[in-house]
Every structure is written in structure tokens, then in C-alpha cells.
Amino acid sequence: MSTPSSEPARFDAIIVGAGVGGLYAIYRLRRLGLKVRAFEAAGGVGGTWYWNRYPGCRCDVESMEYSYSFSDELQQEWHWPERYGTQPEILRYVNHVADRFDLRRDIEFNTRVKQAVFDSDSSTWTVTTDKGSVATARFCIMATGNLSTPRRPNYPGLDGFGGKWYHTGLWPHDGVDFTGLRVGVIGTGSSGVQSIPIIARQARHLYVFQRTANFSLPARNAPIQPDKERAHKAEYPERRRAAYDTPFGIAGYPPPVKSALDASEAERQRAYEAKWAEGGSISFLYSYTDLLLSKEANETASEFVRRKIRATVNDAKTAELLCPDSHPIGTKRLILDTEYYETYNRGNVTLVDIRSKPIEAITPVGLRTADAEYALDAIVFATGFDAMTGAMKEIDIRTDAGVSIEDKWEDGPRTYLGIMMAGFPNLFMITGPQSPGVKSQMILACEQHVDWIADCMQHMRERGFSCIEAEETAEDAWVRHNNEVADRTLYPLANSWYVGANIPGKPRVFMPYVGGVSAYKKKCDEIACNGYEGFRFGARIEEWRFAAK
Ligand code: N01
């Protein structure tokens, strides 16, 4: 890499991030013969799985599905021991992929991209890092992740706290031993719900500070039986193809055929009980056709889970506090847990309602809410992320025409397909806002985007185009479509990170595409087949390759 005083290093494509999307982009673009360079802020590969090392961290998509499909050898040789992969297991897998395909030699670790500027004369991006180094490429690919910018509330007093504090999304690599400590966990999303049962087993006392009760279902994690693994592997190619014909990118769940309102109460209870026993969120939400479309239908499933909470938690007041009352089930990411509700039956666990009595300050010895003081030795912020737009907005992305990402997304993200933005030529996003990424099997979503981007580059190379840019009209239509699709569902009713509600001051815009993977992929493929409809290409050039090999 060059320093500011020397010529920038030249690449065909710069990739920002070496998580699951960035790694596959290195692999795929190399196979096109491009010279690529990835910059990664972390000291290793894995993105979300590198940073989120909190106790109990596990994927909520089954491990046989949550894996790459691009190499059949890879998917045949890897052995997943459990139904849901643990963070260490998934990180081991991602590292294996990096080694197996020799991806590390194109990654600069411990290097955070600070700025990316487009020059229209040369149709190139110039990227500057926190090391002060500069690199130039025709294409810039943001593989920055959707849940990669951890956020904690701005309570006064944290600097003076005498104990230790942690964020689930930035967990120490050596782990944390809470034995004998008084611990406070703030936040009851997936990260809080996964870590709480484990911290409770270690801590002298655990206080859970809950603002909004969330729905959680049993994961029913278990070892994968060898015959099941063999059968799955025998069908891998067909299953992967079939996954693209589903709404969420995972095959094997028969679509529902009936409205919850057309079933009798007894029939519904039998259906929900069976799904509860099976474990997992997809099959539960797939019980009926309209659980995410009709409030009345949804309420039948919401109330089923509330009844389970009341039946599990001994203390009636605690049970009631744990019963979600502010959003329909599934409209926030549905959580999968292992003995979450049971944890509140322990003598050393107290649930504190901070919706009615908010946290006012962190004190030197703990924290203070509107009505009480809590003595704590450690605080865990399980308070989530500036989701979907946070990581890209942390980079100063601009063009020489004076357009910046800060201005472009001031009122919420605007993209075409979640892949490109009008005004930002040659800048691609992997699973950007207004694509189905976070509402689907994320690795499949990354592969689909990277394949689309690689095919697009191939198209440009064959024709000698110097650049590609989304047209404003196509982007406007896509943003409108995204909103219309979301408005037909119950999703916008929840104050979730899908609408940025967890970040004070963030514009309330529904960010993921919820029209389903199947419809989305068809649209992407059609657009490509029609000569990249809605995109315009820049001038033809003699020498398409930008960087010498
Ligand atoms: O974050 P969250 P997360 N004062 O935003 C609370 C994925 N993921 O890290 O709901 C008090 O969901 C906030 O309260 P409220 C998955 O997609 C997957 O848990 O805003 N409380 C909420 O309870 C997931 O959805 C896996 O009222 C505050 C919590 O903090 C996404 O990552 C595992 C607060 C944040 O919940 C994010 O999950 C982990 C404040 N000022 C994560 N600010 C699996 O695969 C926030 N909160 C299983």
C-alpha cells in the first residue's frame, strides 16, 4: 500500500470489509482476473462473527443452511456439529474458507477505510484508510455489513463507573468471567436474550434492564445426527437452488396454505404447539399465510407465545413484564433462545422495567433509574447497532460532483435494488438497504449480490464500459416499491432497527426489502437480462483493466 507521499496503489476493485460478503467478493472477482484489495478494520476475517463473541452467541439460521454454496467441495467437507452454529464454530468455518481459497493475501487487516472519493475523469475511486494509506480502483464494493456499528445509549456517568462495561457487539477476545459479580444487562434483543441465561449462571446477581419486551421462541438446539447430515449433503445443490425460490432464502419449509383466521382455535393451538416443539422462527411464522399481514391473525400467534411465557415464569408480575405488548410477533426480529424465560425463575435474577422507570445515569457504583439505585460490578450493553446504514455512513463517501452519502441518505437510505445508488458510479453494496439481506439467509444474500456484481463487471468488460451508475428514476421507483411492499405488511408497526427506531434521531424509514428473496432475485436477473435496465453505462475505453497484474 502507498503512503500519502507516494502514488496510490492501483487495483481493479477495492472491497471494504472481510466478513462473509467481502470474502466471497475477493474469491469471485479474482476469478474474473481482477486485481482486488480488501480492507478490514478487524484483526481477522468474519465480520459480525469476529466481533460478537458474547456468551451464548449463536446463529438463528440452521448451520447446514447458514454456509456458502459456491463450492460443493466446501459444503460437502465441512461438518457442522449442531443444529445452530455457535459463534466460535462459525468463525472457525469462515477462517477455514479464507485459508482454503487463499483469500488472506488480498486483505489488509487492522485497517479501517475512512474516505472514498470518486473521480469522474478517470472513473475511479480513491480510498483513504486510518493508516493514512491511499489506494485507487475502478470499482469500490461496500461489504460493510448491516449490523456492524455497535451503539450504546448516551447515559451520563459512564466514564466514572468503577466497574467494567462491555458491548455485546465488541466483546473481549479472552471472554469475561462474571463469577461472583453483580451484573446489569441492558437490552433484550437477540444478543441480550442469548447471553442472559449464561451470565445468570455465573453472576452473583443479574439485573436485566428491559425497555421493550420481545418475543422469543425456543431454538431447540441439538447435535446434528449423522443420517440427517448425510441426507442434507446429498441434496445440497437442489436445496441451494430451491432456496432462491423461497421468501427468506432457505429451502425445506412447506409454504402455509391457510389464513390463521380460517382455522379453529383448537386447530391453531395444535399448529402452534407443534411449531413450538420443533423450534425455530421460520416454521413458526410460516404456520399461516397471514401472520405478518393481518393484526387479527398475528394476535393468535402473539397470544400463544404470551401464554407460554406466563406458564414458564413463576412470578406473575415478572411474567407479565416479559409479555410483549408493543408490537405484533415477527415484526421485530424473532429471537431464538435456550432457557431464556426459565432464567427468571432463578433466585439471582431480577427483571427491571425501564420503560416506566428509565435509566437516568450510570453512577460510580452502578446505575440509577427513575426510582431506584442498582449496585453493579459490571454492565453489559446489549443495545444493538446503527443497523443497515451506520457502517457506510461512518465512511466519508463522496464524488467530485459534490454528492456525499451523508447528504444522499439524510432522510433515510435510497438505493436501486440495495446494490447501487444514483450519483455514485462504480460503487456497489453487498446486501445494502432495500435488499432482502437481513430478512433472509445472509450468506445466500451475499452470494447473490456478489454474483450479480461480478456478472455486471463482466458485461462491462466485454463492452469496454468505464463506469455504471443507477438512474435516479429507477432508484425512485425501487424506493417506492420497497415502501409499498413493507406497507402491505405489519412490519412498519414495530419500533425496530428495521426502521431505525433504536437510534435517537435516525429517520424512520423501513430499510429491508420484504417482498421476498424469490421475487427479488427474479427482478435482479430480469434487469441484468434486459441490459441492466435502470442503470446507465459510462464511456467506452480502450483499456478496461485498470491495474496491472
Ligand atoms: O440488538 P436489538 P441486538 N435504553 O436492537 C435495547 C442480529 N443478531 O444486538 O426494543 C434501554 O435487537 C432495545 O430496547 P427497545 C439479529 O438480527 C442475531 O440484540 O429499543 N434499552 C433492545 O431491547 C438482531 O435482531 C443473532 O426498546 C435500550 C436492545 O437494547 C440484531 O442482530 C444474535 C436502549 C437492542 O436489541 C440486533 O440484535 C444477535 C436504551 N437507550 C444479534 N437502546 C442471532 O443470530 C437500545 N435498547 C441469534
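Here, every reference points to the structure presented above.
Calculation notes
- Residues numbered from 1 in each chain as written.
- Predicted model: local features only at pLDDT ≥ 70, side-chain atom pairs only at ≥ 80, totals over all residues.
- Heavy atoms only, no water.
- Helix = DSSP H or I, 4+ residues; strand = E, 2+ residues; numbered from the N terminus.
- Salt bridge = Lys/Arg side-chain N within 4 Å of Asp/Glu carboxyl O.
- Buried < 20%, exposed > 50% of the residue type's maximum accessible area, 1.4 Å probe, protein only.
- 1 Å grid on protein atoms, 1.4 Å probe; cavity = no way out; pocket = protein on both sides within 12 Å on 5 of 7 lines; lining within 4 Å.
- Points joined across faces, edges and corners; volume = space filled by probe spheres on them.
- Nonpolar A, V, L, I, M, F, W, Y, C, P; charged D, E, K, R; others polar.
- Axes fitted to C-alpha atoms, helices over the stretch in contact; angles between N-to-C directions.
- Parallel < 35°, antiparallel > 145°, perpendicular 65-115°, else oblique.
- Contact = heavy atoms within 4.5 Å.
- Phe/Tyr/Trp six-rings, centres within 6.5 Å; stacked < 30°, edge-to-face > 60°.
- Lys NZ or Arg CZ within 6 Å of the ring centre and 35° of its normal.

Asks: So what exactly am I meant to see when it comes to unusual backbone geometry here?
Replies: The phi torsion of most residues other than glycine is negative, and most of the peptide bonds are trans. Not every positive phi belongs to a glycine, and Asn110 is a case in point at roughly 55°. Looking at the element boundaries, Asn110 is found in the loop between strand 5 (107–108) and strand 6 (113–119). You will see that Asn426, though not glycine, has its phi angle at about 60°, which is positive. Along the chain, the position of Asn426 falls in the loop between helix 13 (405–408) and strand 20 (427–429).

Asks: Just checking my understanding: could you explain the pattern of salt bridges for this structure?
Replies: For the structure shown, the criterion picks out 34 salt bridges. In this structure, Asp60 engages Arg333 in a salt bridge whose closest nitrogen and oxygen atoms are separated by 2.8 Å. Linking Asp60 in strand 3 (residues 58–62) with Arg333 in the loop between helix 11 (316–322) and strand 13 (335–337), this pair joins segments that are 273 residues apart in sequence. The partly exposed category is assigned to Arg333, whose relative accessible area is 28%.

Asks: What is the right way to look at empty space enclosed by the protein in this model?
Replies: To find leftover empty space, one rolls a probe the size of a water molecule over the atoms. All chains considered together, the criterion is met by 4 cavities of 30 Å³ or more. Taken as a whole, the largest cavity spans an internal volume of roughly 80 Å³. Lining the largest cavity are 14 residues, and of these Thr144, Gly145, Met388, Met392 and Gly432 lie nearest its centre. Broken down by element, the residue count for the lining of the largest cavity peaks at 3 residues, all from helix 12 (residues 390–393). Taken together, the residues of the lining of the largest cavity sort by class into 7 nonpolar, 7 polar and no charged. Space inside the second largest cavity adds up to approximately 60 Å³. Taken together, Tyr244, Ser435, Pro436, Gly437, Ser440, Leu444, Ala445, Gln448, His449, Val517 and Tyr520 make up the full set of residues lining the second largest cavity. No other element matches the 4 residues that helix 14 (residues 442–463) contributes to the lining of the second largest cavity.

Asks: When you look at the packing of helix 14 against helix 16 (residues 517–529) in this model, what are you seeing that I'm missing?
Replies: What describes two packed helices is the angle between their axes and the distance between those same axes. In the contact formed by helix 14 and helix 16, the axes pass within 11 Å of each other and the chain directions differ by 5°. Between helix 14 and helix 16, the angle falls in the class roughly parallel. Contacts between helix 14 and helix 16 involve Leu444, Gln448, His449 and Trp452 on the former and, on the latter, Val517, Tyr520, Lys521, Cys524, Ile527 and Ala528.

Asks: Mind showing me how you'd approach the packing of aromatic side chains here?
Replies: Here the structure, examined in full by the defined rule, presents 43 aromatic pairs. Between Trp78 and Trp80, the aromatic rings sit 5.8 Å apart at their centres with planes inclined by 65°, giving edge-to-face as the arrangement. Here Trp78 and Trp80 have matching classes, each one buried. Within the aromatic cluster, the residues linked to one another by ring pairs are Tyr24, Tyr27, Tyr68, Phe70, Trp78, Trp80, Tyr93 and Phe101. Above the face of the Tyr50 ring, Arg53 is positioned so that its terminal group lies 4.8 Å from the ring centre. Above the face of the Tyr244 ring, Lys521 is positioned so that its terminal group lies 5.0 Å from the ring centre.

Honestly, it's all geometry; don't read function into it.
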